[in-house]
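# Survey of secondary and tertiary structure
Given next are the chains, with one letter for each unit.
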Amino acid sequence: MSIDTNMTGTIVQDKTTAKKQGLFNRYGHYFLLAPGVIWMILFLVVPLIMMLYVSFWTQTTFAIKPDLTVKSWVTFFSSDTYFGALLRTLRIWLTVLVLTFAIGYPAALFIGQYVRNKTVQTILLVACVIPFWTSFLIRVLAWRPMLGKEGAINIVLMKIGIITQPIDVLLFTELSVIIGMVQIYVVFMVGPIAFMLARIDESLIEAARDLGASSWRIFRKIIFPLSLPGVVVGAIFVSVMVLGEFATASALSGRKVNLLGNIIVTQVGSLKWAFAAVIGVVLTLVMAAVIIGLLRVVNLRREL
Amino acid sequence: MQDAKFLKIGLGTYTALFIAFLYAPFVVMGILSFQQGPEGGPQFPIIEWSTYWYQHVLGFAPPSRVAPLPIGEALARSITLAVATMIVSTVLGTLTAQAFRRHFKGSGFVFYLVVLGMMVPGVLLGLGMALVADQFGIPRTWWGTAFVLHVVYTYPFAFLVMLAIFNRFDGSVEEAAWALGVPPGRTFRKITFPIIFPGVLSAMLFAFTLSYDEFPRTLFTGGSEVTMPIAIYGTFAVEIHPNLFAFGVLTTVFSFALLTVYGLLMMASVRRAKVRISGLQEEIE
């Protein structure tokens, strides 16, 4: 009799713990997810929605009022300065994107395809990343003594005798902004491409070679298509960073080249919140279009 | 075949030049940090080699017309902020990645929501947060509005690192511990944590360095008490001096020290795991 009650007692107890565990199993991951999701909604989604909302507010001299209007939007698209900045941002973004790809791809090809030793591969990639340990802003500023009229590049070129007069379009021009950005962001292109190239099955290339394919044909038909997901990931990284840039432009152009990011900074500085918000929304739309366009090229979810 | 060899040499030379290109500003910074001071500017030629600007950064140089960098306060703020960001984003990243170990409804939404945090440019997020703070009367401070944005930025990195770690994680080890009646807390401490430790360390490293160098988000939300990157940005408008380069060299050396510590911890953790496995094998045998 006593054994019986004991047994039922344990059974009942087991049931409650099982129920507890079941509850945790069913809803446990919501507890795990909640902090992160709440954080992101409060501090990422809300600010972005606020930006969209404020872009329709009325701007007075030093304040904004929640009376809805499209005045700031009209100003943006009817002003040459601001619309011009949009075009300039797009032009610089496209130039930097093409250059990072053209300059980065051969290096990635060497690291990913021609270096077959994994350790050497890692060492080369780490060597590319080490300059990132210097503060971003100081790295940008270090381009000034490189590009200036009496800068390192001009000194070297004059010493070798390639030029007799120093080139003065190197600094404080659009060119200097492009050089600076390419150098800073090219690694984000090299990394993903090298990663994809290193994953290519070598027997595939050997088979093609045995069947008599030329090196160029192998590259065109096998290597390049297989590295395309890496190119797209790299292009997304570079695009997002270049489109949101303003520091490189203000440091290397002497504030002559104004990107959308620079205009946001000046507008916030003069408390033109509604207008800054308009530019922010424009920038977001451009970026979304670029990313969606790039994702059209390759289906990343399937490829990675 | 001759062709392929030629191509390989060509690409190798190109890669060497490419890496040189990546290091160029770094080398220039290193050379110019030894410029003579306080008259020597941040340009060539070097008037005379000296360590003046290092003394200037560290506060040993006699006062001159060049204002000292606000090393003490700004650096202390930056490091405090980076440590706080590191802790919070690693914890959040680990929790979220742990939840992703099983399939659940809406996982795609959560994934993109988190990853969005590293994709949205700092200038947009900074602007949005500044607008929110302005409208709701929240004071903009480096430890408040800027801190939450730093976490938004670094938490996705921690999450992705932990996700990669958990993907390679054999869940049956934990199940075995549970089946043997080890309480969950102890299982986590004795089994789960040692296995995921290298990932946690990488996540922390990512979060710390990203936050330490973060600047567009902080620019709009950091308020009047500046962090180190904002202090450097402040010098953009006025004349720059080689003390910035000396500071750059010092922080890079500091980063290397940090990276070395990380490498050593990583190696130690791998070795400990190996020893433990061989010990277990001996016991079984």
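This one's a predicted model, so the numbers in the text were calculated from it and none came from an experiment. For every chain, the first residue of its written sequence is number 1, and the numbers climb from 1 along that sequence. To read the labels, note that chains go from A and ligands from 1, taken in the order they are written. The predicted nature of this model means local features are confined to residues of pLDDT at least 70 and side-chain atom pairs, given and counted, to a pLDDT of 80 or more, with totals for whole chains, interfaces and linings taken over all residues.

## Observations regarding the overall build of chain B
Secondary structure follows DSSP: runs of H or I at least 4 residues long count as helices, runs of E at least 2 residues long count as strands, and numbering of each begins at the N terminus. Secondary structure assignment for chain B yields 11 helices and 0 strands. Along chain B, helices and strands appear, N-terminal first, in the series α-α-α-α-α-α-α-α-α-α-α. Rg of the C-alpha trace for chain B: 24 Å, well past the compact-globule value of 19 Å for 285 residues, more than 25% over. Based on the C-alpha atoms only, the size of chain B along its principal axes is roughly 75 × 70 × 45 Å. To assign burial, the other C-beta atoms lying within 10 Å of each residue's own C-beta are counted, with C-beta atoms placed from the backbone; 20 or more indicates buried, 12 or fewer indicates exposed, and intermediate counts indicate partly exposed. The burial tally for chain B puts 39% of its 285 residues in the buried class. Taking all contacts inside chain B whose residues are at least 6 apart in sequence as the whole, residues at least 24 apart take part in 75%. This radius of gyration counts C-alpha atoms alone. The globule rule is 2.2 Å times how many residues there are, raised to the power 0.38. By definition, residues are in contact whenever their C-beta atoms, placed on the basis of the backbone, come within 7 Å of each other.

## A few points about the packing of helix α13 (residues 273-297) of chain A against helix α5 (residues 122-136) of chain B
At a closest axis distance of 10 Å, the pairing of α13(A) and α5(B) adopts a crossing angle of 145°. Here α13(A) runs over α5(B); the crossing is left-handed. For the pair formed by α13(A) and α5(B), the contact residues are W273(A), A276(A), A277(A), G280(A), L283(A) and T284(A) on the first element and L124(B), L127(B), L131(B) and D134(B) on the second. Tallied by class, residues from the contact of α13(A) with α5(B) come to 7 nonpolar, 2 polar and 1 charged. Axis definition: a line fitted to C-alpha atoms, limited for helices to the stretch in contact. Angles are taken between N-to-C directions and run from 0 to 180 degrees. The crossing is said to be left-handed when, going from far helix to near helix, the turn is anticlockwise and less than a right angle, and right-handed when the turn is clockwise. The residue classification treats Ala, Val, Leu, Ile, Met, Phe, Trp, Tyr, Cys and Pro as nonpolar and Asp, Glu, Lys and Arg as charged. All others, Gly included, are polar.

## Here we look at the interface of chain B and chain A
Accessible area lost upon the coming together of the parts is a frequently used measure of interface size. Between chain B and chain A, the contact holds 68 residues from the first and 63 residues from the second. Of all the secondary-structure elements, those providing two or more residues to the side of chain B that touches chain A are α1 (2-32), α3 (71-99), α4 (107-119), α5, α6 (145-167), α10 (228-237) and α11 (242-284) of chain B. No other element matches α1(B), which puts 19 residues into the side of chain B that touches chain A.

## What to know about the confidence of the model for chain A
All names here are of chain A. For every residue, the predictor reports its confidence as pLDDT, a number between 0 and 100. The share of residues in chain A with pLDDT of 70 or more is 90%, and the mean pLDDT across the chain is 84. The secondary-structure element of chain A with the lowest mean pLDDT is helix α14 (residues 300-303), recorded at 65, while helix α3 (residues 80-114) shows the highest, at 93. Here residues 1-20 is modelled with pLDDT under 50, and outside its nearest four sequence neighbours on either side it reaches 0 contacts, counting other chains as well.

## Focus on the environment of F188(A)
Residue and element names in this part refer to chain A. Here F188 shows up in helix α8 (residues 174-198). Since 20 C-beta atoms lie within 10 Å of it, F188 is described here as buried. C-alpha separation for the pair F188 and V129, spaced 59 residues apart in sequence, amounts to 9.4 Å. Dropping the residues within four chain positions of it, F188 is found in contact with G234, F237 and V238.

## Quick word on unusual backbone geometry
Residues and elements named next belong to chain A. Notably, F172 is not glycine yet its phi reads approximately 60°, a positive angle. Within the secondary structure, F172 sits in the loop between α7 (152-160) and α8. According to the C-beta neighbour criterion, F172 is buried, with 20 such atoms within 10 Å. Of note in this structure, L271 is not a glycine but carries a positive phi near 60°. By the secondary structure assignment, L271 is in the loop between α12 (260-269) and α13.

## Observations concerning the environment of P106(A)
In this fold, P106(A) is placed in helix α3. For the pair P106(A) and V190(A), spaced 84 residues apart in sequence, the C-alpha separation works out to 8.8 Å. When near neighbours in sequence (up to four residues on either side) are disregarded, P106(A) contacts L11(B) and Y14(B).

## Some points on α3(A)
An α-helical turn contains 3.6 residues, so any two residues separated by three or four positions project in the same direction. An ideal rise of 1.5 Å per residue puts 51 Å on 35 residues; α3(A) measures up with 49 Å between its terminal C-alpha atoms. By definition, a residue's bend is the angle between the axes fitted to the seven residues ending there and the seven starting there. At G104(A), α3(A) shows its strongest bend, of approximately 35°, with the proline P106(A) following within four residues. What a helix is expected to span follows from its residue count: subtract one and scale by 1.5 Å.

## Structural notes on the nonpolar core
A set of buried Ala, Val, Leu, Ile, Met, Phe, Trp, Tyr and Cys residues, joined to one another through C-beta atoms within 7 Å, is what we call a nonpolar core. Counting 154 residues, the largest nonpolar core has A277(A), I279(A), L127(B) and V152(B) as the members making the most contacts within it. Broken down by element, this core gets its largest block of residues, 16 residues, from α8(A).

## Examining the environment of Y185(A)
Residue and element names in this part refer to chain A. Take Y185: it is sitting in helix α8. The spatial distance from the C-alpha of Y185 to the C-alpha of I41 is 29 Å, given a sequence separation of 144 residues. Residues within four places of Y185 in sequence aside, it is in contact with V96, T100, V238, M241 and V242.

## Some thoughts on the packing of α6(B) against helix α8 (residues 184-212) of chain B
Residue and element names in this part refer to chain B. Two numbers describe how α6 lies on α8: the axes approach to 9 Å, and their chain directions differ by 155°. The angle between α6 and α8 places the two elements in the roughly antiparallel class. The two elements α6 and α8 cross, and the hand of that crossing is right-handed. The residues of α8 that touch α6, namely those facing H150, Y153, T154, F157, A158, V161, M162 and I165, are I196, G199, S202, A203, F206, A207, L210 and S211. A breakdown of the residues in the contact of α6 with α8 according to their chemical character gives 11 nonpolar, 5 polar and no charged. These descriptions rest on fixed angle ranges, namely under 35 degrees for roughly parallel, over 145 for roughly antiparallel, 65 to 115 for roughly perpendicular, and the rest for oblique.

## A look at the domain arrangement of chain B
Segmentation of chain B into domains returns domain 1 (2-58) and domain 2 (71-240). Averaged C-alpha coordinates put domain 1 of chain B and domain 2 of chain B at centres separated by 33 Å. An automatic or database domain assignment supplies the start and end points of every domain.

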